[in-house]
Amino acid sequence: MVSGAVMLGDGASFTRDGHGGCAGTDAHADVTDGAPVLITTTGGLAVGRLTDPRALTDGTCRFWFSVRGVPTGQDAYLVMVADRDPRQYAEQELTGALVSLRVD
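These figures come from a predicted structure and were not determined experimentally. (Residues numbered from 1 in each chain as written. Predicted model: local features only at pLDDT ≥ 70, side-chain atom pairs only at ≥ 80, totals over all residues. Heavy atoms only, no water.)

A short note on the pairing of strand β5 (residues 44–55)
Where we set the bar: Paired strands, as defined in this entry, are two strands with at least two bridges between them according to DSSP. Numbering goes from the N terminus for both helices and strands, where a helix is a DSSP run of H or I of at least four residues and a strand is a run of E of at least two.
Pairing between strand β4 (residues 36–41) and β5: 6 bridges, direction antiparallel. Looking across to β5, one finds that T40 is bridged to L45. Counted along the chain from β4 to the antiparallel partner β5, the turn is 2 residues long. Alignment of β5 against strand β6 (residues 61–67), held across 5 bridges, turns out to be antiparallel. Within the sheet, the bridge partner assigned to T51 lies in β6 and is W64.

Right, dumping it as structure tokens:
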């Protein structure tokens with residue numbers, strides 16, 4: 001399982017909902033509660049969702065995610081958050097501690 005957080009770090013890239021939550025806006029409108037997190041390898045595909053969006057006091061918007069069933073022992077992992085371009089990671093970058101992904 002791969003777990004972590006996705007961050008929107010620019011106050012112009014998200015809006016606050018007045019209840020402590022947040023959602024992406026404009027070019028980041030696809031980064032919302034329930035948006036898919038896909039992890040693809042030559043060994044298969046695993047899917048999770050963004051959850052629990054929170055506007056933090058440091059000016060960022062944070063979503064949690066967990067993706068179960070991620071194949072192990074692969075050379076490369078492509079991670080796609082919402083409709084963003086996929087980014088490549090090595091296995092050691094996605095295992096162990098919580099993963100922190102920043103959406104630009």
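Back to the text.
So, the sheet that holds strand β7 (residues 77–81)
To keep things clear, this is the line we draw: Where helices are involved, their axes are fitted lines through C-alpha atoms of the stretch in contact, as for all axes, and angles between N-to-C directions lie from 0 to 180°.
The strand order β8-β7-β4-β5-β6-β1-β9 describes an open sheet built from 7 strands, whose pairing is mixed. The open sheet has two edge strands with one neighbour each: β8 (87–89) and β9 (99–103). Averaged over all neighbouring strand pairs, the angle between strand axes comes to 30 degrees, with direction disregarded. In the sheet, β4 pairs with β7 via 4 bridges, with the strands oriented antiparallel.

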